[in-house]
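Structural overview for review
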Amino acid sequence: MIFGDFMMGARSRLLGPSIPFRFFGAAVFFQFAAWVLIVVYADEMPGFQGGPGEMLAALHLVTLGVAVMTAMGAAFQILPAVTKRPLRSVVACKATFWLFFPGVLALTHGMGHQQLWAMEIGGGLVACGILLFAGLVADNLRQVGDMKVVTDHLWVALTCLLLLAVFGLSLVADFDYGILPDHLGVALAHAVVAAYGFMGMLALGFSFILIPLFGLSAPADERNGRRAAWVITGGLSLTVVALLVGNSPLLFAGAALGVAGLGLHLRVMAKVMKSRMREALGDSFVLIRLGWVLLPVSVGFGLTAAAGVAVDRTGPLFGFILVFGWLLSFLMGVLQRIMPFLASMHTVRPGAKPILVSSLTPARPLRVHMIGHLGAVLLVAVGLACDSGLAVRLGAFSGLIGSLGFATFFANMIWKLWRHHTKGRKC
Ligand code: HEM
């Protein structure tokens, strides 16, 4: 009964607040930075087909700077609570941040300014941060015999994390030394392994802990959850092989299997949602549900582009719906639930009144974020479908406002946490 274990283990296995919150703070900053870049260079997004430039930089400010950064902060805190085993080294968690954060800055700077040396140094630092993270998580997971539905997803996610780094670094090296026989094939395999493989399997795996926690629901069906994980993994493997060898029928078969597995997962989550005790779930679940809907939609755009239909529109739409529609929506929905929960737990101590989760979750800035994000996803998608730089810029502006709303929510929470700790005064 994973959810109960989590609640029992969470309090006693809290890392110092600076560990998870430095990752979350960086993610909040990189979300803002990505939207600034898209507002300024919006005309470059319609028709974007990859290659170095500001759009590739904006894409990796979100994928690495927001998605992977959040995954690292969340995993470092959630895993010890669930596995009831501490991470091997807190210093190594800090070192992961001090490799990964400057790595993302250097890599995206290099991508944006087409400076190969910066891409290579940044890629190297990012890869070292990823390896250290993967080592800490694998070390923790290998000691776990139970909660198979979570560990199955996480082992597949870790394997994809290593693969995405190898593909990513080889793409950077190919810009300099022309080492790859099929650059586009590797770029698409990299995108699939990264966004569906690592981020997808990590998010779907942790959903077995977090979705019942957020809804106060009955535990999820672990047997069908494991089945879904392995069907998705089969689909992913076929898709990646198909992209690397350039085999279309295999690509469609892999995608179909992947979507079937995803359907099974979403059915398990739908049952959890139905059994929930907490009726109103708030704005966070508008974003989580949007992510659940846009994940299979992104596969649809990917297959349409793979079939050669209006590739200059469906190609960019695939990348945008995948990264901003599914990944960013789902992560921002989850992040705005786990951060106040974690912060509140850090205020529990003798002689001080803890801060309630509700007082760390002001509705207005989060509503600004939700509306800004929904406006961004809609307008940018319309801009890519209609080849309109103006619509993309308006959408990016909406996203920027949304990211400022999220930053305000974050700043308010950190300020209250800090004041509670420094003054120990009742809030
Ligand atoms: C070690 C970390 C990473 C490195 C060095 C890296 C590097 C690259 C490079 C060089 C490209 C350009 C390929 C091209 O268009 O010519 C690329 C494309 C891409 N990357 Fe990454 N990346 C990394 C991590 C990630 C992560 C974590 C994600 C998603 C969660 C991601 C998603 C994408 C996507 C969607 C594309 C576009 C693929 C296309 O051209 O259609 N990357 N990456």
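This text goes with the structure placed above it.
Heads up: these notes are all about the structure in this document.

What counts and what doesn't
- Residues numbered from 1 in each chain as written.
- Predicted model: local features only at pLDDT ≥ 70, side-chain atom pairs only at ≥ 80, totals over all residues.
- Heavy atoms only, no water.
- Helix = DSSP H or I, 4+ residues; strand = E, 2+ residues; numbered from the N terminus.
- Rg over C-alpha atoms; globule rule 2.2 N^0.38 Å.
- Buried < 20%, exposed > 50% of the residue type's maximum accessible area, 1.4 Å probe, protein only.
- Contact = heavy atoms within 4.5 Å.
- Areas by Shrake-Rupley, 256 points an atom, 1.4 Å probe, with all protein chains shown as cover.
- Lys, Arg positive; Asp, Glu negative; His and termini not counted.
- Charge placed at Lys NZ, Arg CZ, Asp CG, Glu CD.
- Salt bridge = Lys/Arg side-chain N within 4 Å of Asp/Glu carboxyl O.
- Donors = N, O, S within 2.8 Å, 3.2 Å for Na, K, Ca; no water.
- Tetrahedral: all angles 85-135°; square planar, octahedral: opposite > 155°, others 65-115°.
- Phe/Tyr/Trp six-rings, centres within 6.5 Å; stacked < 30°, edge-to-face > 60°.
- Near = heavy atom within 4 Å.
- Polar contact = N/O pair within 3.5 Å; in protein donor to acceptor, adjacent residues only side chain to side chain.
- Nonpolar A, V, L, I, M, F, W, Y, C, P; charged D, E, K, R; others polar.
- Core = buried A, V, L, I, M, F, W, Y, C linked by side-chain atoms within 4.5 Å.
- Patch = residues over 30% accessible without salt bridge, like charges linked within 9 Å, V, L, I, M, F, W, Y side chains within 5 Å.
- Expected span 1.5 Å × (residues − 1).
- Bend = angle between axes of the 7 residues up to and from the residue.
- Axes fitted to C-alpha atoms, helices over the stretch in contact; angles between N-to-C directions.
- Parallel < 35°, antiparallel > 145°, perpendicular 65-115°, else oblique.
- Left-handed = near helix turned anticlockwise from the far one by under 90°.
- Disulfide = S-S within 2.5 Å.

Examining the overall build of the protein
A count of helices and strands for the protein gives 13 helices and 0 strands. Secondary structure of the protein in N-to-C order comes out as α-α-α-α-α-α-α-α-α-α-α-α-α. The C-alpha radius of gyration of the protein comes to 21 Å, within 12% of the 22 Å expected for a compact globule of 427 residues. Taking all 427 residues of the protein together, 57% fall into the buried category. Here the contacts in the protein between residues at least 6 apart in sequence split such that 80% fall between residues at least 24 apart. For the protein, the exposed surface amounts to about 16500 Å²; the carbon and sulfur share of it is 70%. Each charge class in the protein can be summarised by its mean position, and for the 30 positive and 17 negative side chains these summaries are 19 Å apart.

Considering the pattern of salt bridges
Scanning the entire structure with this criterion turns up 7 salt bridges. Of the charged contacts in the structure, one is a salt bridge between Arg 313 and Asp 312, with a shortest N-O distance of 3.6 Å. By relative accessible area, which is 29% here, Arg 313 ends up partly exposed. According to the relative accessible area criterion, Asp 312 is partly exposed, its value standing at 39%. Each of Arg 88, Asp 139 and Arg 142 takes part in a single network of salt bridges with overlapping partners.

A closer look at the coordination of the iron atom of the ligand
Four donors placed tetrahedrally about a metal ideally form angles of 109.5 degrees, and six donors placed octahedrally ideally form angles of 90 or 180 degrees. Within the protein, the iron atom of the ligand binds to His 60 (NE2) and His 190 (NE2); these donor distances fall in the range 2.0 Å. Coordination at the iron atom of the ligand comes from 6 donor atoms whose angles at the metal span 86 to 179°, giving a geometry best classed as octahedral. In this pair, His 60 sits in helix 3 (residues 54-83) while His 190 sits in helix 7 (residues 183-215), placing the two residues 130 residues apart along the sequence. For His 190, a relative accessible area of 15% puts it in the buried group.

Some words on unusual backbone geometry
Positive phi, close to 50°, is recorded for Leu 216, a residue that is not glycine. Judged by relative accessible area, which is 31%, Leu 216 ranks as partly exposed. Of note, the phi angle at Ala 310 is positive, near 40°, even though the residue is not glycine. Summarising the element assignment, Ala 310 is placed in the loop between helix 10 (283-306) and helix 11 (311-345).

Considering the packing of aromatic side chains
Applying the stated criterion to the full structure yields 15 aromatic pairs. Between Phe 320 and Phe 324, the aromatic rings sit 4.9 Å apart at their centres with planes inclined by 20°, giving stacked as the arrangement. Placement of the pair is Phe 320 and Phe 324 together in helix 11, with a separation of 4 residues, close to one helical turn. Like Phe 324, Phe 320 is buried.

Remarks on the site of the ligand
The environment of the ligand is made up of 26 residues, and the closest members are Gly 50, Gly 51, His 60, His 183 and His 190. Take His 183: an N or O atom from its side chain is 2.6 Å from an oxygen atom of the ligand. For the shell around the ligand, the secondary-structure elements that each account for two or more residues are helix 3, helix 4 (90-113), helix 6 (148-177) and helix 7. Here the element with the most residues in the shell around the ligand is helix 7; it accounts for 8 residues. Classifying every residue of the shell around the ligand by side-chain character gives 19 nonpolar, 7 polar and no charged.

Let's talk about the nonpolar core
Counting 148 residues, the largest nonpolar core has Trp 35, Phe 198 and Phe 320 as its most contacted members. Among all residues touching Trp 35, those that are not within four sequence positions of it are Phe 320, Phe 324, Leu 328, Ala 376, Val 380, Gly 395, Ala 396, Gly 399, Leu 400 and Ser 403.

Some points on a nonpolar patch on the surface
On the surface, a cluster of nonpolar side chains totalling about 220 Å² of accessible area is made up of Val 36, Val 40 and Tyr 41. Considering the arrangement of structural elements, one finds Tyr 41 in the loop between helix 2 (18-40) and helix 3.

Focus on helix 10
With 24 residues, helix 10 should reach 34 Å at 1.5 Å per residue; the first-to-last C-alpha distance of 34 Å fits that figure. Roughly 25° is the biggest bend found in helix 10, and it falls at Leu 294, with proline Pro 296 one to four residues downstream. Backbone geometry just downstream of helix 10 places Gly 308 in the positive-phi region, at approximately 85°.

Examining the packing of helix 11 against helix 12 (residues 363-385)
Their axes nearest at 9 Å, the elements helix 11 and helix 12 cross at an angle of 170°. Compared by their axis directions, helix 11 and helix 12 come out roughly antiparallel. Packed against helix 11, whose contacting residues are Arg 313, Pro 316, Leu 317, Phe 320, Ile 321, Phe 324, Gly 325, Leu 328, Ser 329, Met 332 and Gln 336, the element helix 12 presents Leu 366, His 369, His 373, Ala 376, Val 377, Val 380, Ala 381, Leu 384 and Ala 385 at the interface. Per-class residue counts for the contact of helix 11 with helix 12 are 14 nonpolar, 5 polar and 1 charged.

Considerations on helix 2
An ideal rise of 1.5 Å per residue puts 33 Å on 23 residues; helix 2 measures up with 33 Å between its terminal C-alpha atoms. Counting buried positions along helix 2 yields 17 of 23 residues, so the element is predominantly enclosed.

Things to note about the packing of helix 3 against helix 11
Where helix 3 contacts helix 11, the two axes come as close as 11 Å, and the packing angle between them is 35°. Note that helix 3 runs across helix 11; the crossing there is left-handed. Together, Leu 59, Val 62, Thr 63, Val 66, Ala 67, Thr 70, Ala 74 and Gln 77 of helix 3 and Val 323, Phe 324, Leu 327, Leu 328, Leu 331, Met 332, Leu 335, Ile 338 and Leu 342 of helix 11 make up the contact between the two elements. Across the contact of helix 3 with helix 11, the residue classes break down as 14 nonpolar, 3 polar and no charged.

Things to note about the environment of Met 370
For Met 370, the location among the structural elements is in helix 12. Distance from Met 370 to Ile 209, taken between C-alpha atoms, is 24 Å for residues 161 residues apart in sequence.

A closer look at the state of the cysteines
Working definition: the covalent bond between the sulfur atoms of two cysteines is a disulfide. Following the criterion strictly, the structure yields 0 disulfides and no others. In this model Cys 93 remains outside any disulfide bridge; the closest cysteine sulfur is found in Cys 128, 16 Å from its own. Residue classification places Cys 93 among the buried residues on the basis of a relative accessible area of 0%.

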